[in-house]
Amino acid sequence: MAGEFTDSKRDTGLSEKNVGTFGQAEDLKSVVSRHTEEYDLFVAKSNPTAINQADGHKLRQALDSRHVSMIALGGALGTGLLIGTGSALKTAGPGAILVAYGAIGLVVYIVMTALGEIACWVPMNGFANYGKRYCDEALGFACGYTYLIKYLILPANQLTAGALTMQYWIDRDRVNPGVWITVFLVVIMVINFLGVRFFGEIEFWLSSLKVVTCLGLIILLWVIALGGGPTHDRIGFRFWNDPGAFLHYTDSSKDLYIGGSTGRFVSFVAVLVTAVFAYLGTELVAITFGETRNPRRAIPKAVKLTLYRILVFYVLSILFVGMCVSAKDPLLLGASGTNAGASPFVIAIKNAKIDGLDHVINACILLFVMSAANSDVYVCSRALYSLAADGYAPKFFTKTNKLGVPYYGLIVSFLFCLLAYMNVSSGSAEVFGYFVNVVSLTGLIAWACILLFHIGFMRALKAQGFDRNKDTVYRSPLQPYASYACFVICSIVILIKNFTVFLGDSFTYKNFITGYIILPVFFICYFGYKFFYKTKWLSPTEVDLDTFRDVIDAEFEQYEAEDAERKAVREAEGKKYDKEWFYEKFLGWIF
């Protein structure tokens, strides 16, 4: 159900004496080195824009499977879950948001499994590389740059959200928001400049705290729903009956009301869009694959756990929030902003007469925001690196320091983070809000592109005589139908993202323009590159499925040999059930 991982032996070009025994790690290292050098030479000759992976241009493979797994989870768990569910609940009702979040969760899972399959074949540094390899060079260019736009702007938005969260405790009249923005920015840049291993550890523990927070809130809401709070009011599914599970559509800003089944459908579609943005960021784990140790083990694990985590952290959270908070609750209807006051979790706690927990939740929101800002800066620098490595951006963006950090990309990200200071002035905050709305569509476009890459990959496998059941390391389930169906869904949601601007007598053109402008930018990038460089869409027989594959195969055998050697040493020392074994068997399913 959660995809399939196979260990079938592929033709790696290695002799039998080099595989199957864990004592040959050094031989495998020499093979990997030789193959890498040969392929660097091949790529440099066939594509003059490619970056030779010499010293000073290399990323470090320092992320373990636990880092990748938690970055995948941390990318999805954010304020969209803790706060964004409130606006969705009051728009459509508890039943509608449960169905909407569940449906989009299924789409996210298919997107992640599709990404996992192509990444396990040959891991790349970014989305642009997959587009160039399996579909069209122009599609890689367009996808890479629209995704980069998202992560140029998002860190500034997260820093702003962090400053607003601090205002729950300290008013902006006492401490200017610029002070908090400066503190957060310095911390984030230091973490990113200290290398990917340090970044991975920080994100692992921050994401672990996110997990503990979400699990604690889910259990707390469950207890409240069953009458275990101080009020001892057994709520159950009361609010599903009154005001109802599926609400009619209302918009107070336009004095608009749509009743009947039409109104319920409009509300559901509106929340469907909200649900999409709550999941955005799940795909950012793909940026880490180039710095992952043994990606053919780490990637499938991170992807397979996505399904369980969606079911637990999203579906259960939405279910219990809908049970504990009425869609017509005065606190919910009057909520605004990004602090604890707007969170339906806090409203449920207040209604249950539990004192003091709102401050805890606000601290958790601050934690979520800072983790998101940290990972967004990381993704921005690596997205620039991957574009440069593939010839889409100036070559100096591939330069790295001794820790393997692409510092020019981090500098660019830092400069865009300074946009957060626009919010020091309340007048410019509105302009910045429109600016953020511009980039909110990029995640959806990235999902659609990932599905296109996977469709091109599957068609190429079939045309070139490969068997997905035998030759792939990891397989996405329900294919090829799932990728086609989810691509259609993503395309529809892209088109209806801001459809509510057309409802009623007034037309909010600013929301319409800022909500959709990234779509023509994407097509301008695609067709502009296509016409300028005369690229074409690759036929299945033209797709390159071989370059670098034997290098990845050899690396996989090397990593497996090293892991087998470590396991044998532990068993020889009588440490079969050490902390590593305990983590893999138990904690690894959650953290």
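Residues numbered from 1 in each chain as written. Predicted model: local features only at pLDDT ≥ 70, side-chain atom pairs only at ≥ 80, totals over all residues. Heavy atoms only, no water.

A. Fine view of the pattern of salt bridges. Applying the stated rule across the entire model yields six salt bridges. Among the salt bridges present, the one from arginine 468 reaches glutamate 117, with a minimum N-O distance of 2.8 Å. Of this pair, arginine 468 sits in helix H19 (residues 468-471) while glutamate 117 sits in helix H5 (residues 94-121); the two residues are 351 residues apart in sequence, bridging distant segments of the chain. The residues arginine 468 and glutamate 117 share a single accessibility class, namely buried. The closest approach of N and O atoms between aspartate 546 and arginine 549, which form a salt bridge, is 3.6 Å. (Salt bridge = Lys/Arg side-chain N within 4 Å of Asp/Glu carboxyl O. Helix = DSSP H or I, 4+ residues; strand = E, 2+ residues; numbered from the N terminus. Buried < 20%, exposed > 50% of the residue type's maximum accessible area, 1.4 Å probe, protein only.)

B. Summary view of the environment of phenylalanine 527. With respect to the helices, strands and loops of the structure, phenylalanine 527 is situated in helix H22 (residues 518-533). Under the relative-accessibility criterion, phenylalanine 527 is labelled partly exposed at 38%. Spatially, the C-alpha atoms of phenylalanine 527 and leucine 139 are 8.8 Å apart, while their sequence positions differ by 388 residues.

C. Structural view of the packing of aromatic side chains. Overall, the coordinates contain 25 aromatic pairs when judged by the stated rule. Centre to centre, the rings of tryptophan 121 and phenylalanine 457 are 5.6 Å apart; their planes meet at 70°, and the pair counts as edge-to-face. Of this pair, tryptophan 121 sits in helix H5 while phenylalanine 457 sits in helix H18 (residues 442-463), and the two are 336 residues apart along the sequence. Take tryptophan 121 and phenylalanine 457: they sit in the same class, and that class is buried. Seen in terms of ring centroids, tyrosine 147 and tyrosine 151 are 5.0 Å apart; in terms of plane orientation they differ by 55°. Their pairing is tilted. Here tyrosine 147 and its partner tyrosine 151 are both found in helix H7 (residues 137-166), four residues apart, which amounts to about one turn of the helix. For the pair tyrosine 147 and tyrosine 151, one class covers both residues: buried. Ring pairing ties together the aromatic residues Phe141, Tyr145, Tyr392, Tyr529, Phe532 and Tyr533, which thus form one cluster. (Phe/Tyr/Trp six-rings, centres within 6.5 Å; stacked < 30°, edge-to-face > 60°.)

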